[in-house]
Amino acid sequence: MMLSKGLKRKREEEEEGKEALAVDTWWLDPGHPAVAQAPPAVASSSLFDLSVLKLHHSLRQSEPDLRHLVLVVNTLRRIQASMAPTAALPPVPSPPTAPSIADNLLASSDAALSASMASLLEDLSHIEGLSQAPQPLVDEGPPGRPTGGAPPSLGALDLLGPATGCLLDDGLEGLFEDIDTSMYDSELWAPASEGHKSSPEDGPGKEEAPELDEAELDYLMDVLVGTQALERPPGPGR
Amino acid sequence: MIPGIGAFTRDTLWCFSQVKGTMETGTTEADIISTVEFNHTGELLATGDKGGRVVIFQREQESKNQVHRRGEYNVYSTFQSHEPEFDYLKSLEIEEKINKIRWLPQQNAAYFLLSTNDKTVKLWKVSERDKRPEGYNLKDEEGRLRDPATITTLRVPVLRPMDLMVEATPRRVFANAHTYHINSISVNSDYETYMSADDLRINLWNFEITNQSFNIVDIKPANMEELTEVITAAEFHPHHCNTFVYSSSKGTIRLCDMRASALCDRHTKFFEEPEDPSNRSFFSEIISSISDVKFSHSGRYIMTRDYLTVKVWDLNMENRPIETYQVHDYLRSKLCSLYENDCIFDKFECVWNGSDSVIMTGSYNNFFRMFDRNTKRDVTLEASRENSKPRAILKPRKVCVGGKRRKDEISVDSLDFSKKILHTAWHPSENIIAVAATNNLYIFQDKVN
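Analysis parameters
Residues numbered from 1 in each chain as written. Chains lettered and ligands numbered in written order. Predicted model: local features only at pLDDT ≥ 70, side-chain atom pairs only at ≥ 80, totals over all residues. Heavy atoms only, no water. UniProt positions renumbered as here; feature names shortened; annotations may be inferred. Helix = DSSP H or I, 4+ residues; strand = E, 2+ residues; numbered from the N terminus. Buried < 20%, exposed > 50% of the residue type's maximum accessible area, 1.4 Å probe, protein only. Contact = heavy atoms within 4.5 Å. Phe/Tyr/Trp six-rings, centres within 6.5 Å; stacked < 30°, edge-to-face > 60°. Lys NZ or Arg CZ within 6 Å of the ring centre and 35° of its normal. Pairing = 2+ DSSP bridges. Axes fitted to C-alpha atoms, helices over the stretch in contact; angles between N-to-C directions.

- Looking up chain B in an unreviewed UniProt entry gives the name Serine/threonine-protein phosphatase 2A 55 kDa regulatory subunit B, with the organism given as Delphinapterus leucas.
- For the record of chain B, the UniProt heading Sequence similarities (unreviewed entry) holds the text "Belongs to the phosphatase 2A regulatory subunit B family."

- By the naming in an unreviewed UniProt entry, chain A goes by SERTA domain containing 1 and is assigned to Phocoena sinus.

Topic: the overall build of chain A
Here comes step 1: If you tally the helices and strands in chain A, you get nine helices and zero strands.
Here comes step 2: Taken from N to C terminus, the helices and strands of chain A fall in the order α-α-α-α-α-α-α-α-α.
Here comes step 3: For chain A, buried positions account for 46% of its 238 residues.
Here comes step 4: Taking the intrachain contacts of chain A between residues at least 6 apart in sequence as the baseline, contacts between residues at least 24 apart amount to 72%.

Overview of the packing of aromatic side chains
Here comes step 1: Throughout the structure, instances matching the rule amount to 21 aromatic pairs over all chains.
Here comes step 2: Ring geometry for Tyr76 of chain B against Tyr111 of chain B: centres 6.0 Å apart, planes inclined by 85°, an arrangement best described as edge-to-face. Here Tyr76 of chain B is found in strand S5 (residues 73–80), whereas its partner Tyr111 of chain B is found in strand S9 (residues 111–116), with 35 residues between them in sequence. Just as Tyr76 of chain B is buried, Tyr111 of chain B falls in that class too.
Here comes step 3: Here the aromatic rings of Tyr325 of chain B and Phe371 of chain B are separated by 5.0 Å at their centres, their planes lie at 35°, and the arrangement is tilted. Of this pair, Tyr325 of chain B sits in strand S23 (residues 323–326) while Phe371 of chain B sits in strand S26 (residues 367–372); the two residues are 46 residues apart in sequence, bridging distant segments of the chain. Accessibility assignment for this pair places Tyr325 of chain B and Phe371 of chain B in one class, buried.
Here comes step 4: Three or more aromatic residues joined by ring pairs form one cluster here, namely Phe16, Phe368, Tyr442 and Phe444 of chain B.
Here comes step 5: Over the ring of Tyr339 of chain B we find Lys54 of chain A, and its NZ or CZ is 5.3 Å from the ring centre.

Quick word on the sheet that holds strand S4 (residues 53–59) of chain B
Residue and element names in this part refer to chain B.
Here comes step 1: As summarised here, the arrangement of the four strands in space is S2-S3-S4-S5, forming an open sheet in which the pairing is antiparallel. The open sheet has two free edges, formed respectively by strand S2 (33–38) and S5, since each of these has just one partner strand. Strand-to-strand twist across the sheet, computed as the mean angle between neighbouring axes with direction ignored, equals 20°.
Here comes step 2: The sheet contact formed by S4 and S5 spans seven bridges and is antiparallel. Its bridge partner lying in S5, Val55 is registered against Thr78.

This is the structure:
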């Protein structure tokens, strides 16, 4: 009754999580003695997923609520910090198949990706506007798969960077020959070989630079495809 | 009429007075009240809604016949303050919702107020017209121009009485100064300037100048990826025109002195309460985010509202509040659910009574809470149509947190989280309160013998 806004799918996932992870139960049981005491050191992965979902939802707004965004991001950082092991190595082993998966993705969804690329470039002033207005603040790795203690800072725009770098490397540069790229921040288009793009003021994550693993690529592709929703200007009914 | 002093020693009884708004259950979103504010005398009560409208109620003069019935508030003026806008550069729609209304002190026959949406502040003049000129030379009675050649005599127009008309005119529009969403406006005690605060910046305006404002606080980091904190509310000191405070999403309050420097990025005082380790959770920061900050009328204290508590701070003590009141602590164990449905991000306001002895804030299920700072007693009341008989005394409500539920109590799980009281106002000198419950405005008064 309390949960008036139905995120039905997430609730089911949380229910599943409830069975799978004992640590989940204390969230839902107000009578649990642990409630009054210090919370468990580790958050459930469903709480992490929920936070990432909120972050995405917030970013997809035409003008995100900055306070909401900042609070969700900070909470996500806390959750991720508690979930990650102390070592800097990512718990998910980097699969050697990463490049080929990328190729397969590119081959199969080439048209969709280049379409989204084109619309990205067309709406770049919108992105620039984003960089002054609420800037997406994701600097975690892909959801549910923490990349280690302190992942490098990534803006959402930077998330686009390496992926598009892959496309450019594949020779789609011809598409953009006549576009004056000087107005674009060159940081955006750093090719994947340089690893994650980190800004100069990068914080603790500077030493990190993990290679693009399968999980991260999936995430990047999702964001890319998802950016079509991000960049589309609001319809007349909004 | 006891202005709140000692009112609770005899247990103030609050009575229903009036309710404004439609009774239909299907509410149009535009009618949702987004701000409520009495003017400095309490004669006028303004509301702003999501549809960009401002409705001003005026208190009727007390009639000799019904001495026991204090003046009612009736509609005085209604106008469209803000319209939805479209920012073509960013392809963004700008909401017309009125975030805040602040009155200027009255200096002549007209009333002035500031109203703001996310981006633009407007100064409105509300004035009465009860006379109109008649007998123009160049216009006929219908206003049509007369041919000057036909005029053979001149006359002086005279003012004749007419039915009272209340006009609202926009006198100033303060636009294009905020990149982020405006959350607060505050009129300075010099009555010449005011400030507007958004998520990252605070600007100082002169009422006469609309094309320029001074930026006095800027917490935007050079790299937006480093952003971890936003401004949530700001207010000028009631007497010292150089002093103001602003609160943050991290539960801190900064007091700034504009005499110290032009850009008040460095605070004069920094108020923060250390985190209670036994209450720490993943949601600690979210629930510590301050949703409202208000100076006491005396200027000696500030009150802050975060998700679960109201705190009173002495300006001379920065390391902890002097008083903390639990608004709805039974929600502490429900934070995960409230995070999921976004209720944890709700921004509740808080208000002082005229004598700074009682503070009030809203909660869920259309409940609102009052705390008497002297007696340390508190009460929970409900704004509902069921309690809406004229002069009906409001019965205190209680939330049951577990175990046996008594007859009149309501259990935590039965609370309606869609019915939230975010905005309330207290008459500056009397025990009259205005409570906004979604699209309805309730007015309650204390019982007069």
